[in-house]
Amino acid sequence: MSVIAPTQITFFEFLTPLVASGQKTITIRDFSESHYQPGTQVEVYTLESHTKVCDIVILAVEPLAFDDINEFHANQESLPLDELKQLIQQVYPDQQRLFMISFALVET
Ligand SMILES: CC(=O)Nc1ccn([C@H]2C[C@H](O)[C@@H](CO)O2)c(=O)n1
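If you look the chain up in an unreviewed UniProt entry, it shows as N(4)-acetylcytidine amidohydrolase from Shewanella saliphila. Here the chain is described in UniProt, under the heading Sequence similarities (unreviewed entry), as follows: "Belongs to the N(4)-acetylcytidine amidohydrolase family." If you open the UniProt record of the chain and go to Function (unreviewed entry), you find "Catalyzes the hydrolysis of N(4)-acetylcytidine (ac4C)."

Next comes the structure, spelled out in structure tokens:
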């Protein structure tokens, strides 16, 4: 069964300045949020107030086990590694099977 590629993504509001400035270039999501299609343009909204922040282009979607998250991912997320892993555990408790979505900011 094919899934229609989403055209929107949400981030916690406190993370959106990192996305809009181009400092954050990946996000780690579970299977339900992994259906982004490389090459597509996606609108970024805040999770809390659904305010439009910017546009990004999806570069890649790759499987990533929780235990394999390391300093590389923390750098790309623009977050300290312990903070990133804690956040992911809060959002996706007990989920090993995750996906790394790489993206680039669309400059306006
Ligand atoms: C629904 C929704 O907005 N969910 C999420 C899930 C994750 N994030 C952030 C937290 C970390 O920086 C990375 C890794 O998951 O993505 C988020 O902002 N919103």
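On to the sheet that holds strand β2 (residues 26-29), then. In spatial order, the strands read β1-β3-β4-β5-β2; together these five strands make up an open sheet with mixed pairing. Every interior strand has two partners, whereas the edge strands, β1 (8-11) and β2, have only one. The sheet shows a mean angle of 45° between the axes of neighbouring strands, taken without regard to direction. Relative to strand β5 (residues 97-105), strand β4 (residues 52-65) runs antiparallel, the two being bridged by nine bridges. What sits directly across from Ile 58, in β5, is Phe 103.

Right, let's talk about the packing of aromatic side chains for a bit. Counted according to the given criterion, the structure contains three aromatic pairs. Both rings, one in Phe 12 and one in Phe 14, keep their centres 6.3 Å apart while their planes meet at 15°; by these two values the pair is stacked. A relative accessible area of 51% places Phe 14 in the exposed class. Between the aromatic rings of Phe 31 and Phe 99, the centroid separation amounts to 6.1 Å while the plane-to-plane angle is 55°, which identifies the pairing as tilted. Placement of Phe 31 in the loop between β2 and β3 (41-46) and of Phe 99 in strand β5 is noted, with a sequence separation of 68 residues between them. Lying over the aromatic face of Phe 11, Arg 29 brings its terminal NZ or CZ to 4.8 Å of the ring centre. Here Lys 85 stacks its cationic end above the ring of Phe 66, 5.1 Å away from the centre of that ring.

Conventions we followed
Residues numbered from 1 in each chain as written. Predicted model: local features only at pLDDT ≥ 70, side-chain atom pairs only at ≥ 80, totals over all residues. Heavy atoms only, no water. UniProt positions renumbered as here; feature names shortened; annotations may be inferred. Pairing = 2+ DSSP bridges. Helix = DSSP H or I, 4+ residues; strand = E, 2+ residues; numbered from the N terminus. Axes fitted to C-alpha atoms, helices over the stretch in contact; angles between N-to-C directions. Phe/Tyr/Trp six-rings, centres within 6.5 Å; stacked < 30°, edge-to-face > 60°. Buried < 20%, exposed > 50% of the residue type's maximum accessible area, 1.4 Å probe, protein only. Lys NZ or Arg CZ within 6 Å of the ring centre and 35° of its normal.

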